[in-house]
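Coordinate inspection notes
One-letter residues, chain by chain:
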Amino acid sequence: MPAPMPSFAEALLGARFSDDPIVMLITVTHPAGETVRLARYPTDITSRGEVFKSSWFEVNLVNDDGNLPSSELSVPNVDNGAIGRMYFRQSEVPLMTLEVIALSHPDEPITD
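Residues numbered from 1 in each chain as written. Predicted model: local features only at pLDDT ≥ 70, side-chain atom pairs only at ≥ 80, totals over all residues. Heavy atoms only, no water.

As a further point, take the pattern of salt bridges. All chains considered together, the criterion is met by four salt bridges. Here Arg37 makes a salt bridge to Glu50, at a shortest N to O gap of 3.4 Å. Pair noted here: Arg37 is in strand S2 (residues 33-40) and Glu50 is in strand S4 (residues 50-54), with a separation of 13 residues, a long-range link. Where Asp44 meets Lys53, a salt bridge forms, and the shortest distance between an N and an O atom there is 3.4 Å. The exposure class assigned to Lys53 is partly exposed, which follows from its relative accessible area of 48%. (Salt bridge = Lys/Arg side-chain N within 4 Å of Asp/Glu carboxyl O. Helix = DSSP H or I, 4+ residues; strand = E, 2+ residues; numbered from the N terminus. Buried < 20%, exposed > 50% of the residue type's maximum accessible area, 1.4 Å probe, protein only.)

Structure, rendered in structure tokens:
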């Protein structure tokens, strides 16, 4: 029996049959720094009162074995000095939330 498809993957596949663009949003939080919000879209996106900065990023599914899904996030052209000092040299890992929205309804995430 194949593993269930993550909800963000279903949303991305469903968008192929829609004229309404979809946008992936990433929120990165960590106790040692400020929250970073990124939108994979050519312009900034406001969703639920928060501004997500336009950025290119890749999200790759690491496992699909039926356990808690995990993924790998890659953000090119980021200031490694600032980001490195803020997140990667801390004892705690940052919390990252991936959401998918329809551009026509930015305040209603498609994914859980």
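So, on to the side chain of Glu99. Summarising the element assignment, Glu99 is placed in strand S7 (residues 95-102). Classification of Glu99 as buried rests on a relative accessible area of 12%. Side chain to side chain, Glu99 and Arg48 meet in a polar contact 2.9 Å long. (Polar contact = N/O pair within 3.5 Å; in protein donor to acceptor, adjacent residues only side chain to side chain.)

For the rest of this paragraph, the subject is the packing of aromatic side chains. Under the criterion given, the structure shown has zero aromatic pairs. Between the NZ or CZ atom of Arg40 and the centre of the ring of Trp56, over which it lies, the distance is 3.8 Å. (Phe/Tyr/Trp six-rings, centres within 6.5 Å; stacked < 30°, edge-to-face > 60°. Lys NZ or Arg CZ within 6 Å of the ring centre and 35° of its normal.)

Take the environment of Thr43 next. Along the chain, the position of Thr43 falls in the loop between S2 and strand S3 (45-47). Taking relative accessible area as the criterion, Thr43 reaches 44% and is therefore assigned partly exposed.

What follows is about the sheet that holds S2. Read across the sheet, five strands follow the order S3-S4-S2-S1-S7 without closing on themselves; strand pairing throughout is mixed. A strand with exactly one partner marks an edge of an open sheet, and here the two such strands are S3 and S7. Looking at each pair of strands side by side, their axes are set apart by 30° on average, direction ignored. One ladder, built from six bridges, connects strand S1 (residues 22-30) with S2; its direction is antiparallel. (Pairing = 2+ DSSP bridges. Axes fitted to C-alpha atoms, helices over the stretch in contact; angles between N-to-C directions.)

As a further point, take the environment of Val62. Mapped onto the secondary structure, Val62 falls in the loop between strand S5 (58-61) and strand S6 (71-74). Distance from Val62 to Glu72, taken between C-alpha atoms, is 6.4 Å for residues ten residues apart in sequence. Not counting residues within four places of it along the chain, the set of residues in contact with Val62 comprises Ser70, Ser71 and Glu72. (Contact = heavy atoms within 4.5 Å.)

Formed by Met24, Ile26, Val28, Leu38, Phe57, Val59 and Val100, the largest nonpolar core amounts to seven residues. At three residues, S1 tops the list of elements feeding residues into this core. (Core = buried A, V, L, I, M, F, W, Y, C linked by side-chain atoms within 4.5 Å.)

Relative to the elements of secondary structure, Ser55 occurs in the loop between S4 and S5. Residues in contact with Ser55, not counting those within four places in the same chain, are Leu38, Ala39, Arg40, Tyr41 and Val75.

The next thing to look at is unusual backbone geometry. Negative phi characterises most residues that are not glycine, and trans characterises most peptide bonds. A positive phi angle is found at Arg48, which is not glycine, with a value near 55°. The topology assignment puts Arg48 in the loop between S3 and S4.

Nothing here speaks to function; it is all geometry.
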